[in-house]
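# Per-entry structural report
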Amino acid sequence: MDLTTFPLLSLILWLPVLGALALFLFADARSIRVTALVVTLLDFAASLLLLPRWTPDGSMHYQEVLAWAAGLDFRYHLGVDGISLWLVLLTTLLGPIVVLFSWRNVTENVRSFFFLLLIQQAGMLGVFLSLDLILFFIFWEFTLIPMYFLIGQWGSGRRVYAATKFFLYTMAGSALMLVVILLLYFQTGSFNWLTLKEAGLDRTLQFWGFLTFALAFAIKVPMFPFHTWLPDAHVEAPTAGSVILAGVLLKMGVYGFLRFCLPLFPQATAIFLPWIAGLAIVGILYGSLTALVQKDVKSLVAYSSIAHLGFVMLGVASMNEQGLSGAVLQSVNHGLSTGALFLMVGMIYDRRHTRLLAEFGGLWRQMPVYSALFMVVVMASVGLPGLNGFVGEFTILLGAFRVNPLWAALGTLGVILAAWYLLAAVRGLLHGPLDNPANQHLADLDRREVLVLAPLVLLFFLIGLFPALFFDKITPAVELLLRDVGPVIGR
Amino acid sequence: MVPTHYYLILAAIIFSMGALGVLVRRNALIIFMCVEMMLNAVNLTLVALANQWGNLSGQVFVFIVMAVAAAEVAIGLAIVMAIVRHKDTINVEEINLLKW
Amino acid sequence: MSLPTLDFSLILPELVVLITALLVLIADLLWPRAASRGREQAPAVLALAGLILAGLLTLLAGEWSGATLQGMLVADALARYLNLVVLLAAALGLLLSWSYLPHFSTQRSEYYALYLLAVAGMLFLGKSIELITLFVSLEILSIALYVLTGFHRGQLAGGEAALKYFLLGAFSSGFLLYGAALFYAATGATRLADIAAQNAGGFYMLAGLALFLVGLGFKLAVAPFHMWAPDAYQGAPTPVTAFMSVGTKAAALVALFRVVQAAGSVPVGVWATALAFLSLLTMTLGNLAALRQSSLKRMLAYSSIAHAGYLLVGVVAGTAAGFDAVLFYLFAYAFMNIGAFAIASLLERPGFYAVQDAGIHAADGLFGRRPWLAVAMAMFMLSLAGIPPLAGFFGKLYLFAAAVESGWAWLAVAGVLNSVISAYYYLRVVVGMFMAEPSASAHLRLPLPASATLAVALTALGTLLFGLLATPWFQGISR
């Protein structure tokens, strides 16, 4: 390990684990919550330290390598580049937000809950930071465990079914990756991503490699038709779980495509790109149309995730600078806006213990602050110019148009549909007469809840009005990727 | 001189009969006898081979096998006794508390 | 005529175990009648002390360079690792026995004596490089285990288990013996080194190897020779099952490895392919059958059968790396499997004349009753399924890596898919523990005897840490 530079990435990665262990020092719920909050805030601060000395050249920064295994040469190898940077920051930002949100509404097994949240955070960070394929696989599989327990123990209704489906579906998809990773190792002698992407693998290996990796990532994103685990998991999970699931876990799939499928298996990817685009578009349309008919608002948001991530995958399938950068930024945007949506749904659920749209209506009058913020979040999700969603979607559409105008046209259709179902949700929740007596005395957002949403809303505007700040860091990495891979694919 | 392979073939036949017996018979004691038949077939093989190769390893092996077989008999019969006391039968098909 | 000088220092740990076994047997007679409390615990304490002493001797005895005792027993790195695995499994099983035994038997000395004799058999089997020694060691361990399986005389299931185990065991010993005889036929030698040197080839070697595989395959509970295992595992006292599931597999695998190395003249492709199909059959059958079980112990028994399949993958690989992976997995397996059986034993409701078998739902709601036990059991289940970062994952990683390296990628794929299938029934237990209400008849406050709790703690720690801590060292054990 190179100790001349401070191991910042290790700090970011392991701080939540230390925090999780520290939870055992306390017995009362209050200390546990405070500890969790402090740890996640520290983690976010540490991840902000990645920004100041960032050289925008597309390479891997802050690398740390530690060889530790005999026999098989897998190493502890971390690194971050323009593609993973904002995903890491998204993860660490959502940490304290989720902890703060769950301040009052988790009352049973408090310590287990925050323990699982913290190790989940570490697991997800590990996925984004690993440059060694085995280490990546370890973290990838590991993230299933805390989420499984979070959904299964603190979720609602059919939580056991949802949790088990989530676990087995995802595990089945990613199991074959292990064999391919081993095959890559014995072909090239290394598990190191940096080595493997220069290696130039033969077509058969690329083909199978792409298929197995793509299967695992397609299930995670989720892409149609591997999406069936998502609605159940999202709806039954506790709000904190849904936020993390939508905010970060789904991005791991997109990240996987960008980090592994594309650089390691370029020829195979080139063959399958039209399929990815096709499934992405189907996802957009299917997600949007299904969201339209949902009666449960959480379910609506879940299907909107499928639609939004279909957009992101469309950007990936475009395989040009706009498409890819747009995809990366839109992943972050989706994390922020859908995360915020789930938080707001959670706030309503905390008050009324129902999520059915029919139960609501007219909240505008009763909860003005909530309604205002809800509108902002919805607009961000729809893609109103000036907010973050617009930047991402526009860039993706630009990229898609360059490849095939039809793709862009269908994508735009998705934008229109998004406006339709989201505004339908607004109408169902906020507009109309306040005729349900149960709603007539609801408390508006308190300080804690505003504090939870504030950073997200701020980022909506920041990304929306100053996108260059963010694209500056993404584009060099994307350009590097395209430089390596473009000639092979023919872009 | 009887050629060695005559012994080997005979032993093979006895072994097969014993093996078949274990699979087919239902009385625990008969099954046990078939196992002993198998072991003795191997003993025959070993003695014949010891003669062929001219070293005593085979014969030493036979002594050991006999000792082990005796130990097995002791244990096996004790186990059978333990079951008989409870169920009053040694028909293996009737001893089926634990399903396959 | 002079007697050959034997270097007994090579088998010191085994001798310690044997002597302890004899001491335990007569301790009961010699112990003064007055001190009754000590008298009850003495056999267990003595046995544990013997195991620990043997373990220390194995660890501290310096380099085991491969010197042999008259060409019959060898003390090499492979034997050393086997010793460690078996002694670990034995010690853990003994801790479980300590609290479990008083519930169904007063014959403590006999139990511990047989237990130690089984251990001795396993240790000698790991050291055997000669056919006669191999056979005798195998029989010592088998006969001791037959008796231990039926030890719970009060319940009929125990007797039935013992009978099935015995009959099928003796049957397969016959095959193994015949295989040994055929090796002798081919080469005129009984020492494995001599057999290897002869490089005989031909029908006898092939047939001998096949019969040997049948015999050892039975001991390993490889399909289609696995029929005895679910019954034996279910009917035997749970600590015996726990110990047996790891110890016999470990010792039999080492013997298999040595024999396969000695039969170098048989083309690798032939036996490797046969073993590969057996491995596939075993994994699949074990996992599919486990899905349908309603008894926790029987489910774990079928899971053991499936794990024998995974272990065979390492042998099929045929390389030193492959068998190193097998040894690594055996350690990990000792921790996770014995841990799982430990908790199964705590969930049973023992009685002098009958043990109420722990059903799948016995663990329901365990998190509410005994949270740390539930966490430990969850770790064992997830580790058995092969989820990182637990020990089971690293074990499978090494096994499948060895398979891929030797060109058996399809077997690795089968192994990986089987792991996913197994996750389903392991998760069922986890679901029950954390997300379900306890059944009406369950203990509200589970009694937690100290020794069993210690066993659970040790195995849980091992499951959590072994994978991460041991990987830097596991290399170059098998030649």
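Residues numbered from 1 in each chain as written. Chains lettered and ligands numbered in written order. Predicted model: local features only at pLDDT ≥ 70, side-chain atom pairs only at ≥ 80, totals over all residues. Heavy atoms only, no water.

## A look at the overall build of chain B
Within chain B one finds three helices and zero strands. Tracing chain B from N to C terminus, the helices and strands come up as α-α-α. Computed over its C-alpha atoms, the radius of gyration of chain B comes to 17 Å, more than 25% above the 13 Å expected for a compact globule of 100 residues. Principal axes of the C-alpha set define a box for chain B whose edges measure 50 × 25 × 20 Å. Relative to its 100 residues, chain B shows a buried fraction of 39%. Taking as baseline every contact in chain B between residues at least 6 positions apart, the subset at least 24 positions apart corresponds to 55%. Treating the 5 positive side-chain charges of chain B as one cloud and the 5 negative ones as another, the clouds have centres 6 Å apart. (Helix = DSSP H or I, 4+ residues; strand = E, 2+ residues; numbered from the N terminus. Rg over C-alpha atoms; globule rule 2.2 N^0.38 Å. Buried < 20%, exposed > 50% of the residue type's maximum accessible area, 1.4 Å probe, protein only. Contact = heavy atoms within 4.5 Å. Lys, Arg positive; Asp, Glu negative; His and termini not counted. Charge placed at Lys NZ, Arg CZ, Asp CG, Glu CD.)

## So, the packing of aromatic side chains
Taken as a whole, this structure holds 61 aromatic pairs over all chains when the rule is applied. With a centroid separation of 5.9 Å and 70° between ring planes, the pair formed by Phe213 of chain A and Phe217 of chain A is classed as edge-to-face. You can see Phe213 of chain A and its partner Phe217 of chain A sitting in helix 9 (residues 203-220), four residues apart, about one turn around the helix. Ring centres of Tyr233 of chain C and Phe341 of chain C lie 6.4 Å apart, and the angle between their planes is 65°; this geometry places the pair in the edge-to-face category. Taken together, the residues Tyr233 of chain C in helix 9 (residues 228-235) and Phe341 of chain C in helix 13 (residues 320-347) connect sequence positions 108 residues apart. (Phe/Tyr/Trp six-rings, centres within 6.5 Å; stacked < 30°, edge-to-face > 60°.)

## As for unusual backbone geometry
Note that the residue after Val221 of chain A, namely Pro222 of chain A, is joined by a cis bond; omega there is -5°. Of note, the amide linkage connecting Ala223 of chain C to Pro224 of chain C takes the cis form, showing an omega dihedral of 0°. For Tyr62 of chain A, which is not glycine, the phi dihedral falls at a positive 55°. Within the secondary structure, Tyr62 of chain A is located in strand 1 (residues 61-67). The partly exposed category is assigned to Tyr62 of chain A, whose relative accessible area is 23%. Phi at His353 of chain A takes a positive value of approximately 55°, unusual for a residue other than glycine. Looking at where His353 of chain A falls in the secondary structure, it is placed in the loop between helix 14 (321-352) and helix 15 (363-366).

## Quick notes on the arrangement of the chains
The structure contains two pairs of chains in contact, of which chains B and C account for the largest number of contacts. For the non-touching pair chain A and chain B, the nearest C-alpha separation works out to 29 Å.

## Some remarks on the confidence of the model for chain C
Summary statistics for chain C give a mean pLDDT of 86 and a share of 92% for residues scoring 70 or more. Looking at the elements of chain C, mean pLDDT is at its lowest for strand 1 (residues 67-69) of chain C, recorded as 77, and at its highest for helix 5 (residues 131-149) of chain C, recorded as 94. (pLDDT = per-residue confidence, 0-100.)

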